[in-house]
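Geometric and topological summary
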Amino acid sequence: MFPYDKVQALNGLETDVYAYIMKHRDAVEKMTIRELASESHVSTTTILRFATKMGYAGFAELKFSLKQDRLNQEHQGHPEQYDITVPLADFFRKVNSRDFTDLLDQAVKWLAAANQIYTFGIGSSGYLAQYGARFIANTGKLTLPIVDPFQPLADDPTILKHTVFLILSVSGETKEVLDMVTQIRRTDAQIIAVTNRTNSTLAHLSDLVIAYYMPEIKNGSLNNTTQVPVVYLLELLGHRLEKLRMGEEEKSE
């Protein structure tokens, strides 16, 4: 119901409104704009701005659309199915855009210049960090995963001068991840964040942010947001790094 290209353009407070509506769709149908503002901890102006960005004339039209969407689903006789094909298609279109290509080129340039690369994440992102380290190591770069979120870094910050850290985190707000990034910020290393949004704390603490914007799926405290874009981005960085290396070898011959 909300186009993902428009969702990507939301700022932090507008994203909070989007997240609240998606989680409490039935309740929002019966709310006034002031009630929604109170529950989502934003101003009524933010809600109106969100509605406008989504293509609605106002809050009333937004509520009507929510109701119609619910009725359409009920009429179909089955609950809404989990389907990531639309946001994934949107992601793959974005990857081929000029701005995104420039972003990846910058990341590959840093990785190519690094003497060593570390990948880090916890939970599901931890397993992907291990996979990413192994994949990028295939290009000949010294790449190692950090699997312990409490692992201390070198006391001498200059030791990590030519080092790049690839930090993987869906929310960008996990305490252990932010603690590690805070450690890294005290060194001369560069930080590339691969995360779901550009307005997270992790994004603000990083030198370069690669965001993939997938709808977050949570089961209590567990985050089941698809990691397909993360796997793709890790492999894409590895392939581009290898292509760059091969090109440099050809020039030197």
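Structure first, text after, so check above.
Attention here is on the structure that accompanies the text.

Quick notes on the rules
- Every chain begins its residue count from 1, and numbering advances along the sequence as written.
- Given that the model is predicted, a residue must reach a pLDDT of at least 70 before its local features are reported, and side-chain atom pairs must reach 80 or more before they are shown or counted; all residues, however, enter totals for whole chains, interfaces and linings.
- With hydrogens and water excluded, all non-hydrogen atoms of the structure serve as input to the side-chain values.
- Helix axes use the C-alpha atoms of the stretch in contact, all axes being lines fitted to C-alpha atoms, and the angles between their N-to-C directions lie in the range 0 to 180 degrees.
- We count a stretch as a helix when DSSP gives it H or I for four or more residues in a row; a strand needs E for two or more, and each element gets its number in order from the N terminus.
- Throughout, the term roughly parallel applies to angles under 35 degrees, roughly antiparallel to angles over 145, roughly perpendicular to angles from 65 to 115, and oblique to all others.
- Contact between two residues is taken to exist if any of their heavy atoms lie within 4.5 Å; hydrogens are not considered.
- Ten residues, namely Ala, Val, Leu, Ile, Met, Phe, Trp, Tyr, Cys and Pro, are considered nonpolar, four, namely Asp, Glu, Lys and Arg, are considered charged, and the remaining ones, Gly among them, are considered polar.
- Between any two strands, pairing holds if DSSP finds at least two bridges.
- Note on terminology: a nonpolar core comprises buried Ala, Val, Leu, Ile, Met, Phe, Trp, Tyr and Cys residues joined through side-chain atoms within 4.5 Å.
- Remark: exposure states derive from per-residue accessible area (1.4 Å probe, protein chains only) relative to the maximum for the residue type, with buried under 20%, exposed over 50%, and partly exposed in between.

**Looking at the packing of helix α4 (residues 33-40) against helix α5 (residues 44-53)**
- At their nearest, the axes of α4 and α5 sit 9 Å apart, and the two run at 105° to each other. As judged from the angle between their axes, α4 and α5 are roughly perpendicular. In this structure, α4 uses Ile-33, Arg-34, Leu-36, Ala-37 and Ser-40 to contact α5, whose residues at the interface are Thr-44, Ile-47 and Leu-48.
- Residue composition of the contact of α4 with α5, grouped by class: 5 nonpolar, 2 polar and 1 charged.

**Overview of the sheet that holds strand β2 (residues 143-146)**
- Pairing within the open sheet is parallel, and its 5 strands lie in the order β2-β1-β3-β4-β5. Where the open sheet ends on each side, the last strands, each with one partner, are β2 and β5 (208-211). The mean inter-strand angle of the sheet, taken between neighbouring strand axes irrespective of direction, is 20°.
- By the bridge criterion, 4 bridges tie strand β1 (residues 116-120) to β2 in an arrangement that is parallel. Within the sheet, the bridge partner assigned to Ile-117 lies in β2 and is Thr-143.

**Structural notes on the nonpolar core**
- Core analysis: the biggest nonpolar cluster contains 31 residues, and Ile-192, Tyr-212 and Leu-233 have the highest contact counts within it.
- Contributions of two or more residues to this core are made by α7 (85-95), α8 (98-113), α9 (124-137), β3 (163-169), β4 (190-195), β5 and α12 (228-252).
- Not counting the four nearest positions on each side in its chain, Tyr-212 is found in contact with Phe-91, Lys-94, Ser-169, Val-170, Val-194, Thr-195, Asn-196, Gln-227, Pro-229, Val-230 and Leu-233.
- Ranked by size, the runner-up nonpolar core spans 20 residues in total, among them Val-7, Leu-10, Val-42 and Ile-47.

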